[in-house]
Amino acid sequence: MTELQDAIRIDTSGMHYTPLNRAIRAAVTSGVRRIHLDNIMGQRFIADGLRGNVEIVINGVPGGDLGMFMSGPTCIVYGNCEHAPGNTMDAGTIVIHGNAGDAVAHSMRGGMIFVRDDIGYRGGIHMKQYQEKRPLLIVGGSARAFLGEYMAGGLILVLGRKGRSPLLERGIGSGIHGGKIIIRGDVPDWNLGVGARVDKMTEEERGEINPLIEKFACYFGLDPQPFLTDPYSIITPSSARPFANKYTWEV
Amino acid sequence: MSIGSVPLRYRISVDRDQCMLCGRCVDSCPYGVFRKEGEQIHVNSRVCVACHRCISMCPRDAISLVERPVDYRSHPIWTPQVREAIYNQARTGKIILSGMGNAQDYPVIFDRLVLDACQVTNPSIDPLREPMELRTYLGKKPSHLNFKTVEGDTVLQTILSPNLMLETPIMIGHMSYGAISLNAQQSLARAVTECGTFMGTGEGGLHESLYPFQDHMIVQVASGRFGVDINYLERGAAIEIKIGQGAKPGIGGHLPGEKVCADVSCTRMIPEGSDAISPAPHHDIYSIEDLKQLVRSLKEATEWKKPVFVKIAAVHNSAAIAAGIARSSADAVVIDGFRGGTGAAPRVFRDHVGIPIEAAVASVDAKLRSQGIRNEVSIIASGGIRESADVAKVIALGADAVYIGTAALVAMGCRVCGTCYKGLCPWGIATQRPDLVARLDPDYASVNVANLIHAWTLELSELMGAAGINSIESLRGNRDRLRGYLLDENIMKVLDIKTVGA
Ligand code: SF4
Ligand code: SF4
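Residues numbered from 1 in each chain as written. Chains lettered and ligands numbered in written order. Predicted model: local features only at pLDDT ≥ 70, side-chain atom pairs only at ≥ 80, totals over all residues. Heavy atoms only, no water.

Would you mind going over the overall build of chain B with me for this structure?
Each helix and strand counted, chain B has 16 helices and 23 strands in total. Principal-axis analysis of the C-alpha atoms places the extent of chain B at approximately 90 × 60 × 45 Å. In chain B, buried positions account for 55% of the 502 residues. Residue pairs in contact within chain B that sit at least 24 positions apart in sequence constitute 69% of those at least 6 positions apart. Counting 52 positive and 53 negative side-chain charges, chain B places the centres of these two groups 6 Å from one another. (Helix = DSSP H or I, 4+ residues; strand = E, 2+ residues; numbered from the N terminus. Buried < 20%, exposed > 50% of the residue type's maximum accessible area, 1.4 Å probe, protein only. Contact = heavy atoms within 4.5 Å. Lys, Arg positive; Asp, Glu negative; His and termini not counted. Charge placed at Lys NZ, Arg CZ, Asp CG, Glu CD.)

Honestly, the interface of chain B and chain A in this entry has me stumped. Any pointers?
Interfaces are frequently sized by the accessible area removed from exposure as the parts join. Contact residues are listed per partner, giving 49 residues for chain B and 42 residues for chain A. Buried surface at the junction of chain B and chain A, both sides included, amounts to about 4100 Å², of which 56% is carbon and sulfur. When the shortest N-O distance is used, the salt bridge between A:R25 and B:E303 registers 3.5 Å. Summed over the shared surface of chain B and chain A, the result is 24 residue pairs in polar contact (both at pLDDT 80 or more). Those elements that provide at least two residues to the side of chain B that touches chain A are α3 (80-92), β5 (95-98), α5 (230-235), α6 (262-268), α7 (288-301) and α9 (347-352) of chain B. When residues of the side of chain B that touches chain A are assigned to their parent elements, the largest contribution, seven residues, is made by α7(B). Partitioned by chemical class, the residues of the side of chain B that touches chain A number 22 nonpolar, 13 polar and 14 charged. Strand direction decides the pairing type here: strand β12 (residues 247-249) of chain A and β5(B), joined by three bridges, are parallel. Across the sheet, residue A:Y247 finds its bridge partner in β5(B), namely B:I95. (Buried area = accessible area lost by both parts, 1.4 Å probe. Salt bridge = Lys/Arg side-chain N within 4 Å of Asp/Glu carboxyl O. Polar contact = N/O pair within 3.5 Å; in protein donor to acceptor, adjacent residues only side chain to side chain. Nonpolar A, V, L, I, M, F, W, Y, C, P; charged D, E, K, R; others polar. Pairing = 2+ DSSP bridges.)

Would you explain the packing of aromatic side chains in this entry?
The relative placement of two aromatic rings is captured by the distance of their centres and the angle of their planes. In this structure the tally under the stated criterion is five aromatic pairs over all chains. Seen from their ring centres, A:Y17 and A:F45 are 4.9 Å apart, and the 85 degrees between their planes marks the pair as edge-to-face. Of this pair, A:Y17 sits in helix α1 (residues 17-29) while A:F45 sits in the loop between β2 (34-41) and β3 (55-61), placing them 28 residues apart in sequence. When the ring centre of B:W427 is taken as origin, the NZ or CZ atom of B:R53, which lies over that ring, is 4.8 Å away. (Phe/Tyr/Trp six-rings, centres within 6.5 Å; stacked < 30°, edge-to-face > 60°. Lys NZ or Arg CZ within 6 Å of the ring centre and 35° of its normal.)

Looking at this model, I keep getting lost on the site of ligand 2. Mind explaining?
Around ligand 2 sit B:M100, B:C414, B:R415, B:V416, B:C417, B:G418, B:T419, B:C420, B:C425, B:W427, B:I429 and B:A430, and those are all the residues in its vicinity. In terms of residue class, the shell around ligand 2 is made up of nine nonpolar, two polar and one charged. (Near = heavy atom within 4 Å.)

I would appreciate a short explanation of the pairing of strand β3 (residues 40-43) of chain B in the present structure.
Residue and element names in this part refer to chain B. Sheet topology note: the strand β2 (residues 34-37)/β3 ladder contains four bridges and is antiparallel. From the neighbouring strand, F34 faces β3, where its bridge partner is V43. With antiparallel pairing between neighbouring strands as the criterion, β2 and β3 make up a hairpin whose turn holds two residues, including G38 at a positive phi of roughly 60 degrees.

For this particular structure, what's the right way to read the layout of surface pockets?
Once rolled over the atoms, a probe with the size of a water molecule shows which space is left empty. Residues and elements named next belong to chain B. Its boundaries defined by the atoms lining it, the second largest pocket holds a volume of some 370 Å³. If you go around the second largest pocket, you meet 18 residues; those closest to its centre are I243, G244, I285, I312 and I321. Put simply, the parts of the chain that give the lining of the second largest pocket at least two residues each are α7, β17 (308-313) and α8 (318-326). Class assignment for the residues of the lining of the second largest pocket results in 14 nonpolar, four polar and no charged. (1 Å grid on protein atoms, 1.4 Å probe; cavity = no way out; pocket = protein on both sides within 12 Å on 5 of 7 lines; lining within 4 Å. Points joined across faces, edges and corners; volume = space filled by probe spheres on them.)

Can you help me understand the domain arrangement of chain B in this one?
Residues and elements named next belong to chain B. Taken domain by domain, chain B comprises domain 1 (10-94) and domain 2 (167-499). On a C-alpha basis, the centroid separation for the pair domain 1 and domain 2 is 32 Å. Every contact between the two is made by 13 residues of domain 1 and, on the other side, twelve residues of domain 2. Carbon and sulfur atoms supply 56% of the area that domain 1 and domain 2 bury against each other, a total of about 1100 Å² over both sides. Summed over the three residues of domain 1 that lose the most area to domain 2, namely P30, Y31 and R53, the buried surface amounts to 49% of that side. Along the contact surface separating domain 1 from domain 2 lie zero salt bridges. Counting every contact that joins domain 1 to domain 2 gives three residue pairs in polar contact (both at pLDDT 80 or more). Of all the elements in the fold, those that place two or more residues in the side of domain 1 that touches domain 2 are α1 (24-28), α2 (53-57) and α3. (Domains from an automatic or database assignment.)

Explanation requested: helix α2 (residues 203-220) of chain A in the structure shown.
Two residues of an α-helix separated by three or four positions point the same way, owing to the 3.6 residues in each turn. Along its 18 residues, α2(A) runs 26 Å from first to last C-alpha, staying within 8% of the 26 Å computed at 1.5 Å per residue. Along α2(A), the sharpest change in direction is near 25 degrees and occurs at A:I209; proline A:P211 comes one to four residues later. (Expected span 1.5 Å × (residues − 1). Bend = angle between axes of the 7 residues up to and from the residue.)

Looking at this structure, I do not really get the site of ligand 1. What am I missing?
Around ligand 1 sit B:V14, B:C19, B:M20, B:L21, B:C22, B:G23, B:R24, B:C25, B:I41, B:C58, B:P59 and B:I63, and those are all the residues in its vicinity. Across the shell around ligand 1, the residue classes break down as ten nonpolar, one polar and one charged.

Could you clarify how one ought to interpret the packing of helix α4 (residues 182-195) of chain B against helix α14 (residues 442-466) of chain B in this entry?
The geometry of a pair of packed helices is captured by two quantities: the angle between their axes and the separation between those axes. Residues and elements named next belong to chain B. Packing of α4 against α14 leaves a shortest axis separation of 8 Å and a crossing angle of 45 degrees. It follows from the interaxial angle that α4 and α14 lie oblique. By crossing handedness, the relation of α4 to α14 is classed as right-handed. Counted together, N183, Q186, S187, L188, R190, A191, E194 and C195 of α4 and P442, D443, A445, S446, V449, A450, I453 and H454 of α14 form the full contact between these two elements. Classifying every residue of the contact of α4 with α14 gives eight nonpolar, five polar and three charged. (Axes fitted to C-alpha atoms, helices over the stretch in contact; angles between N-to-C directions. Parallel < 35°, antiparallel > 145°, perpendicular 65-115°, else oblique. Left-handed = near helix turned anticlockwise from the far one by under 90°.)

Just to check I follow, could you spell out the sheet that holds strand β22 (residues 482-484) of chain B for this structure?
Strands pair in a sheet through their backbones, by hydrogen bonds, and they do so in one of two ways: parallel or antiparallel. Residues and elements named next belong to chain B. Here three strands make up an open sheet; going across it, the order is β6-β22-β23 and the pairing mixed. The sheet is open, and its two borders are formed by β6 (113-115) and β23 (498-499), each paired with just one other strand. Sheet topology places β6 next to β22; three bridges connect them, and they run antiparallel. From the neighbouring strand, V114 faces β22, where its bridge partner is R483.

Quick question: what am I supposed to make of the side chain of B:S176 here?
Residue and element names in this part refer to chain B. With respect to the helices, strands and loops of the structure, S176 is situated in the loop between β11 (170-174) and α4. Exposure remark for S176: the relative accessible area of 10% places this residue in the buried category. Excluding its chain neighbours within four sequence positions, the residues that come into contact with S176 are Q185, T201, G202, E203, G204 and R268.

What follows is the structure, encoded as structure tokens:
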């Protein structure tokens, strides 16, 4: 990791999120490149709508919507995350050393999210891509039901690091109409949502995910080896127009 | 084949004595009703949608149009519409999509309300002579003000929330780029800027060419989050969260891939030709607490500088929902009545789900007042506002301002043909086809829309003057200036008005 200059440390004990975000913005404006936030305990909206080239190290458990609308910064969380980190995020990186709640990466449009352990329901819901913007969500552990629901673009990768099947639940990719979900191991048909199909991974796809796995392993100091050769399942839309056959016009 | 074809919806005929064979009808009709063969114009009435473009273009008034030229056996219950919907579904087995607003013949409450005027005991006001205050501020108002004295000066201590300042309580509602053309959006944007009011972007992002008007644009965040990034949020004068829409409460939206052309794809930030699906709920809002979270996330992202509105469809318990919204840090609640227009909605929703705006606004206003939180949010009424009298009436029922939609489109030529979903709007409004879009010239259309807003504003001040009211503030919620004409007692109770004669 590159050495960042001009670091500051903020003790956030008892601090409300609005003054906290104000302090973060002021620091970024004044050229600070790394901000350590100590004693974070449930403050929501950290780095909400924040732009710039800054690394925010979060020690503690941030509240919901970490990095919402964020466009550029990197947030590294030493702790778990509440719901929807990376909500409607535009660019930047979120690295979570722990678990995250529901709707991780909701409507995410760009950037990367790395979660070391598990995520809750509806992870990656309605992620979308456009031109060079292709959001990425990598989950080291497992994900709960409705992973990648309504997904319109981007990539979700679930590694199932803890040895058990990464997805024990149903509704994977229901309503998916773009993008790709890649899950280590087999995904039985009954796990799939409406409009999703499952295929075996091609060598080309392996070539695409292996560098991502290495990056993931590097963030968390893990050995990438076991993940590089295992079989994966690829979940994609069975049609780009899942709702096209539901309607008829009045005249 | 067992069902056969349904009777013609419209019959077009050309008066051959009048026709000069200029061919304008042929050029003007994107549906292909007309063709010129030899010395005659031939018609195919089957494809006509009654957009009237040909009629408005014909130099000889040679074209006539008749609706339902073929009678069914009349029956009060089994109307032609009901029968044809069954034929359609018997053939396809699908949900019927339809356009524009509610087409069911429900009584219009506005038309059973009458306004008051002064006679003898209190003088009416002549707006020509006296100033009429129509300026409207939307957003939170403080419940009380704190002052302190600094070196003999009185200084306001209360921190005021950002408000939008409108020169007239008439705004233009959210119609997205994609649903309508860029020329249509530009025309509306120029008109609202000219009139000192605002318009909504709809859920379609903000096209670059509208940046010069951004101070008059309310940017929308809907469940699909299309085109939403920090740049978009910062450009808007206010941000509106769309929870629901009056034309189709409870369900999401769906812009078919055919309408996602290169430019639309770029403002929505999705690939060209892909379906833009807005799910029914926001998947980060499953409760009133979650709504608060989204409201605050938007405020936090824009450093608490912008008012945040929340739009809901008018449904049975709108009043309780609005009370929740008022406590969510939102600055205004938009209530969209069941007559609200749309490009496409399932017919069963358009015609059967939701409640009229008149009842919804009155009950929301009453609920907020009874809880002492009316100052926390402004109320914006939308869905079925057709003329200035509707504006006056809905303000008297408790609204702060209105959104118009269809009326603004009609001002640009729309004939309410209800076939926006075909994407071939001959007026260049609900289409992305370049040759059709080019028919709408923003230089003229913006003047037409601005004229409409001016005219309604003038009428509104005349109505107020006649009632002896010189400020819109005194009309707001002033139910005493309304009477119900042949409305039943229950409705009058909801509206909190008296009957005529009382
Ligand atoms: S526009 Fe009128 S006059 Fe011209 S060809 Fe058509 S019907 Fe005849
Ligand atoms: S806007 Fe829609 S209803 Fe109006 S004329 Fe165009 S297609 Fe018809």
